[in-house]
Amino acid sequence: MIRNRISGSLTFTVLLHTIQMLLTFHLRRLVLSTSVIMQVQPEIIIRAVKQMKKKQRDAFLEDLLASTSPDYLASIREARAQYKKGKVKTLKEVFG
């Protein structure tokens, strides 16, 4: 079992499972008159993610995390609200 850490507490295994769930969800939404269910192996997903350019991969992982984590979305909303209220500090204030 791969135990690399991605985005803090989200393990790589959980990430792969989440990707599989998202792919299954999106495939089911594409159903027209017939349905096709595809099993996607984790190795295929890993290979596809590794082939992405860094910027594309980072955006994909952020979207994946956002789509599966209500806490992550809430933290973004909270940060944006604090920014609008001017509750921000410069790097110099934080790190001296």
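Quick note: structure is the one above.
All figures in this text were calculated on a predicted structure; none of them were measured in a lab. (Residues numbered from 1 in each chain as written. Predicted model: local features only at pLDDT ≥ 70, side-chain atom pairs only at ≥ 80, totals over all residues. Heavy atoms only, no water.)

Participant: Give a description of the overall build of the protein that names residues and reports values.
Facilitator: Along the backbone of the protein there are five helices and two strands. Secondary structure elements of the protein occur, N-terminal to C-terminal, as β-β-α-α-α-α-α. Across the 96 residues that make up the protein, the buried fraction comes to 18%. Of the contacts formed within the protein by residues at least 6 apart in sequence, a portion of 44% connects residues at least 24 apart. As presented, the protein carries roughly 8,400 Å² of accessible surface, and 58% of it is formed by carbon and sulfur atoms. (Helix = DSSP H or I, 4+ residues; strand = E, 2+ residues; numbered from the N terminus. Buried < 20%, exposed > 50% of the residue type's maximum accessible area, 1.4 Å probe, protein only. Contact = heavy atoms within 4.5 Å. Areas by Shrake-Rupley, 256 points an atom, 1.4 Å probe, with all protein chains shown as cover.)

Participant: Tell me about the side chain of Ser69, and please be specific about residues and values.
Facilitator: Here Ser69 lies in the loop between helix H3 (54-68) and helix H4 (70-84). Given the relative accessible area of 18%, Ser69 is considered buried. For Ser69, the side chain forms a polar contact with the main-chain nitrogen of Tyr72, separated by 3.1 Å. (Polar contact = N/O pair within 3.5 Å; in protein donor to acceptor, adjacent residues only side chain to side chain.)

Participant: Tell me about the packing of H3 against H4, residues and numbers included.
Facilitator: The contact between H3 and H4 brings their axes to 5 Å, and the two run at 105°. As far as their axial angle goes, H4 and H3 are roughly perpendicular. Where H3 abuts H4, its residues Glu62, Leu65, Ala66 and Thr68 lie against Pro70, Tyr72 and Leu73. (Axes fitted to C-alpha atoms, helices over the stretch in contact; angles between N-to-C directions. Parallel < 35°, antiparallel > 145°, perpendicular 65-115°, else oblique.)

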